2 protein chains.
Amino acid sequence: MSDALVGSLLEGLPASPQPEELFTTLAALPGVRIERIVSTGQSSPDGFWYDQEWDEFVLLVAGSATLQVDGEGDRPLSPGDWVLLPARTRHRVAATAAGGPTVWLAVHAGEPGGTTGSG
Amino acid sequence: MSDALVGSLLEGLPASPQPEELFTTLAALPGVRIERIVSTGQSSPDGFWYDQEWDEFVLLVAGSATLQVDGEGDRPLSPGDWVLLPARTRHRVAATAAGGPTVWLAVHAGEPGGTTGSG
């Protein structure tokens with residue numbers, strides 16, 4: 001039997017704004033990578049769009065953000081809100097809260113370079 | 001481009017205890033299934049252990065619970081706490097909060113019967 005691994009998404013959050021978002025891989029499983037992202041006011045550069053070859057599920061855990069999906073309007077996100085971004089769904093983060101950390105859980109499915117699924 | 005799908009883990013929660021836990025599949029992706037579970041005081045039957053052939057990542061989103069992993073002590077869980085349960089990690093839910101809904105996000109990786117990963 002393997003041992004369980006545990007943690008809290010709300011531990012170790014920065015007390016002040018950071019120069020970059022913080023990325024932590026929590027679990028790298030066959031075909032799936034689960035990541036915590038902590039934003040402190042960052043947003044995607046003007047005109048930049050994520051355009052990934054793999055599906056991503058994101059959950060806003062704490063803080064707030066505004067997501068833009070290409071061809072749709074701004075989408076404000078509050079804690080508990082989730083978004084499924086199928087591969088090739090162009091999206092960007094228009095804003096994250098300036099007043100404190102915004103915590104995301106991201107699940108990347110079928111990401112290139114990840115562990116290959118065993119089928 | 002595929003359309004994004006959205007929702008909130010905190011919407012549609014029952015106002016009173018339910019006879020069973022509520023399970024909702026949010027996303028069924030190649031090799032990965034993402035599920036919301038809502039508990040209203042349920043726990044695993046005495047002596048029952050989950051013993052799955054696949055890896056599971058669980059996040060406690062709201063409420064509280066006590067998880068037991070075989071061979072370890074009770075593990076109280078608060079919002080933001082996550083647990084990675086590798087395949088064959090025997091575990092059970094010893095308790096969930098009686099006072100209101102407990103919301104979990106579960107990520108099942110490599111679950112039999114799920115969509116096969118594309119590698």
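Residues numbered from 1 in each chain as written. Chains lettered and ligands numbered in written order. Predicted model: local features only at pLDDT ≥ 70, side-chain atom pairs only at ≥ 80, totals over all residues. Heavy atoms only, no water.

Undergrad: Please clarify how the overall build of chain A should be interpreted in this entry.
TA: Counting secondary structure elements, chain A contains 0 helices and 9 strands. The helix and strand sequence of chain A, counted from the amino end, reads β-β-β-β-β-β-β-β-β. Its C-alpha atoms give chain A a radius of gyration of 15 Å, within 12% of the compact-globule value 14 Å for 119 residues. Taking all contacts inside chain A whose residues are at least 6 apart in sequence as the whole, residues at least 24 apart take part in 69%. Looking at chain A as shown, the accessible area adds up to about 5400 Å², and 51% of this sits on carbon and sulfur atoms. Side-chain charges of chain A comprise 6 positive and 15 negative groups, with the mean position of each set lying 3 Å from the other. (Helix = DSSP H or I, 4+ residues; strand = E, 2+ residues; numbered from the N terminus. Rg over C-alpha atoms; globule rule 2.2 N^0.38 Å. Contact = heavy atoms within 4.5 Å. Areas by Shrake-Rupley, 256 points an atom, 1.4 Å probe, with all protein chains shown as cover. Lys, Arg positive; Asp, Glu negative; His and termini not counted. Charge placed at Lys NZ, Arg CZ, Asp CG, Glu CD.)

Undergrad: Is there a simple way to think about the confidence of the model for chain A in this case?
TA: Detailed reading of predicted coordinates is not advised where the pLDDT is low. A residue-level look at chain A finds 92% of positions with pLDDT of 70 or above and a mean pLDDT of 92. Across the predicted assembly, pTM comes out at 0.92 and ipTM at 0.91. (pLDDT = per-residue confidence, 0-100.)

Undergrad: What should I look at first to understand the pattern of salt bridges in this one?
TA: Pairing between side chains of opposite charge can happen when the charged atoms of each approach one another. Residue and element names in this part refer to chain A. Following the criterion strictly, the structure yields 10 salt bridges over all chains and no others. Across the pair Arg-90 and Asp-70 runs a salt bridge whose closest N-O atoms are separated by 2.8 Å. Placement of Arg-90 in the loop between β7 (81–85) and β8 (91–96) and of Asp-70 in the loop between β5 (65–69) and β6 (74–77) is noted, with a sequence separation of 20 residues between them. A relative accessible area of 27% places Asp-70 in the partly exposed class. (Salt bridge = Lys/Arg side-chain N within 4 Å of Asp/Glu carboxyl O. Buried < 20%, exposed > 50% of the residue type's maximum accessible area, 1.4 Å probe, protein only.)

Undergrad: Whenever I open this one, the interface of chain A and chain B confuses me. Can you help?
TA: Accessible area lost on assembly of the parts is the figure often given for the size of an interface. Contact residues are listed per partner, giving 42 residues for chain A and 42 residues for chain B. For the pair chain A and chain B, the two sides together bury roughly 3400 Å², of which 71% comes from carbon and sulfur. Run the count over chain A and chain B and you get 0 salt bridges. Inspection of the region where chain A meets chain B yields 6 residue pairs in polar contact (both at pLDDT 80 or more). Residue assignment for the side of chain A that touches chain B shows that the elements contributing at least two residues are β1 (5–8), β2 (22–29), β3 (32–39), β4 (55–62), β7 and β9 (102–109) of chain A. With 5 residues, β7(A) is the single largest residue contributor to the side of chain A that touches chain B. A class-by-class count of the residues in the side of chain A that touches chain B yields 25 nonpolar, 9 polar and 8 charged. (Buried area = accessible area lost by both parts, 1.4 Å probe. Polar contact = N/O pair within 3.5 Å; in protein donor to acceptor, adjacent residues only side chain to side chain. Nonpolar A, V, L, I, M, F, W, Y, C, P; charged D, E, K, R; others polar.)

Undergrad: How do you make sense of the nonpolar core when you look at a structure like this?
TA: Within soluble globular proteins, side chains that are nonpolar generally end up buried alongside one another. Within the largest apolar cluster, 30 residues are counted, with the highest numbers of intra-cluster contacts made by A:Ile34, A:Phe57, A:Leu105, B:Ile34, B:Phe57 and B:Leu105. The contact partners of A:Leu105, leaving out residues within four places of it in the chain, are A:Leu9, A:Leu26, A:Ile34, A:Glu35, A:Phe57, A:Val58, A:Leu59, A:Val61, B:Phe57, B:Leu59 and B:Leu105. (Core = buried A, V, L, I, M, F, W, Y, C linked by side-chain atoms within 4.5 Å.)

Undergrad: Sorry if this is basic, but what is going on with unusual backbone geometry here?
TA: Of all residues except glycine, most have a negative phi; of all peptide bonds, most are trans. At A:Arg88, a position not held by glycine, the phi torsion is positive, near 70°. With respect to the helices and strands, the residue A:Arg88 is situated in the loop between β7 and β8.

Undergrad: How do you make sense of the side chain of B:Arg36 when you look at a structure like this?
TA: Residue and element names in this part refer to chain B. By secondary structure assignment, the location of Arg-36 is in strand β3 (residues 32–39). Although buried, Arg-36 forms no salt bridge, and the nearest oppositely charged side chain, Glu-11, lies 7.3 Å from it. At 2.8 Å, the side chain of Arg-36 forms a polar contact with the backbone oxygen of Glu-11. When residues no more than four places from it in sequence are discounted, the contact partners of Arg-36 are Ser-8, Leu-9, Leu-10, Glu-11, Gly-12, Leu-13, Leu-22, Phe-23, Thr-24, Leu-26, Val-103 and Trp-104.

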